[in-house]
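Here's the letter readout for the chains.
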Amino acid sequence: MVDVVGVFARWLHIASVVTLIGGMLYASMVMAGAAGALTKEAADTLMERAAARFRPLVWTAVIALTLSGSYNLITTPGHSSLYRMLIAVKLLLVLHVFAAALLAAKPKNPRRVRQMTGAFVSGLVIILISDYLRHIF
Ligand code: HEM
């Protein structure tokens, strides 16, 4: 019998990771550089509007990751101490990603690009740790 809730939780987790980490990677590595071709005023307006449109997606991804991640944790009890240590490291990095993403999506933020760069790099490390977690108990 297919575990429908488990499949949905995994889809929600992965779709939220793609939205949050992919969105910040694109904004900091692609959009911010491309906006450099505009005047400072036009570039600021573009980045402000992009942040305003990204904000609801960030909140949705943060809530969905917390719900689906908690579901994953609750439904797979009894892990080794290595697993528990790595998941603790992951959750600390998750706090950094959530805080930096929510700050970066705020209006009139001169540190936005740096915050998004730090957050997507932490996100890539989290994905590596999560990949490893799938292969241990
Ligand atoms: C930036 C935030 C996060 C990222 C980038 C992330 C990334 C991932 C990825 C890529 C997977 C592997 C998915 C799969 O192949 O099934 C995963 C699994 C998992 N995540 Fe997250 N996650 C995040 C937040 C969270 C949170 C907040 C929790 C807990 C409250 C959590 C708990 C878990 C658990 C328990 C697994 C299953 C690991 C296993 O296979 O044993 N994650 N995560």
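First, a word on what this report is: a plain description of the structure on this page. (Residues numbered from 1 in each chain as written. Predicted model: local features only at pLDDT ≥ 70, side-chain atom pairs only at ≥ 80, totals over all residues. Heavy atoms only, no water.)

Turning to the coordination of the iron atom of the ligand, a few remarks are in order. Ligation of the iron atom of the ligand by protein atoms is provided by H13 (NE2) and K90 (NZ), these donors lying 1.9 to 2.1 Å from the ion. Here the iron atom of the ligand is ringed by 6 donor atoms whose angles at the metal span 84 to 178°, and the overall shape comes out octahedral. On the criterion of sequence distance, the pair formed by H13 in helix α1 (residues 4-35) and K90 in helix α3 (residues 81-104) is long-range, its members being 77 residues apart. By relative accessible area, H13 is classed as buried at 16%. (Donors = N, O, S within 2.8 Å, 3.2 Å for Na, K, Ca; no water. Tetrahedral: all angles 85-135°; square planar, octahedral: opposite > 155°, others 65-115°. Helix = DSSP H or I, 4+ residues; strand = E, 2+ residues; numbered from the N terminus. Buried < 20%, exposed > 50% of the residue type's maximum accessible area, 1.4 Å probe, protein only.)

To continue, consider the site of the ligand. Taken together, 19 residues lie around the ligand, and R10, H13, Y83, K90 and R134 are the ones closest in. R10 is positioned such that a nitrogen or oxygen atom in its side chain is 2.5 Å from an oxygen atom of the ligand. For the shell around the ligand, the elements supplying multiple residues, two or more each, are α1, α2 (40-75), α3 and α4 (112-133). Counting residues per element, the shell around the ligand draws most heavily on α3, at 7 residues. (Near = heavy atom within 4 Å. Polar contact = N/O pair within 3.5 Å; in protein donor to acceptor, adjacent residues only side chain to side chain.)

This part covers the nonpolar core. Judged by nonpolar contacts, the single largest core of 20 residues is most densely connected at L20, I21, M24, V58, V97 and F98. Of all the elements in the fold, those that place two or more residues in this core are α1, α2, α3 and α4. At 6 residues, the largest contribution of residues to this core is made by α3. L20 has contacts with F54, V58, A61, L65, V97, F98 and A101, leaving out every residue within four places of it along the chain. I87, I129, L133 and I136 belong to the second largest nonpolar core, which has 6 residues in total. (Core = buried A, V, L, I, M, F, W, Y, C linked by side-chain atoms within 4.5 Å. Contact = heavy atoms within 4.5 Å.)

Taking 1.5 Å of rise per residue, 24 residues should cover 34 Å, and α3 covers 35 Å from first to last C-alpha, within 8% of that figure. Y83, L86, I87, K90, V94, V97, F98, A100, A101 and A104 are the residues of α3 that are buried. For α3, the elements touching its buried residues are α1, α2 and α4. (Expected span 1.5 Å × (residues − 1).)

Here we take up the side chain of H79. Relative to the helices and strands, H79 resides in the loop between α2 and α3. Separated by 2.7 Å, the side chain of H79 and the backbone oxygen of T76 make a polar contact.

The subject of this paragraph is the packing of α3 against α4. It is at 8 Å that the axes of α3 and α4 come closest, and there the two elements cross at 155°. Considering the angle they form, α3 stands roughly antiparallel to α4. In the packing of α3 onto α4, the handedness of the crossing is left-handed. (Axes fitted to C-alpha atoms, helices over the stretch in contact; angles between N-to-C directions. Parallel < 35°, antiparallel > 145°, perpendicular 65-115°, else oblique. Left-handed = near helix turned anticlockwise from the far one by under 90°.)

As a further point, take the pattern of salt bridges. For the coordinates displayed, the defined rule picks out 2 salt bridges. Note that K40 is salt-bridged to D44, the shortest N-O span being 2.7 Å. Residue K40 and its partner D44 are both found in helix α2; the two are separated by 4 residues, about one turn of the helix. For D44, a relative accessible area of 38% puts it in the partly exposed group. Across the pair R112 and E48 runs a salt bridge, and its minimum N-O distance is 3.3 Å. Pair noted here: R112 is in helix α4 and E48 is in helix α2, with a separation of 64 residues, a long-range link. Residue class for R112 comes out buried when judged on its relative accessible area of 6%. Classification of E48 by relative accessible area gives partly exposed; the value is 26%. (Salt bridge = Lys/Arg side-chain N within 4 Å of Asp/Glu carboxyl O.)

Honestly, it's all geometry; don't read function into it.
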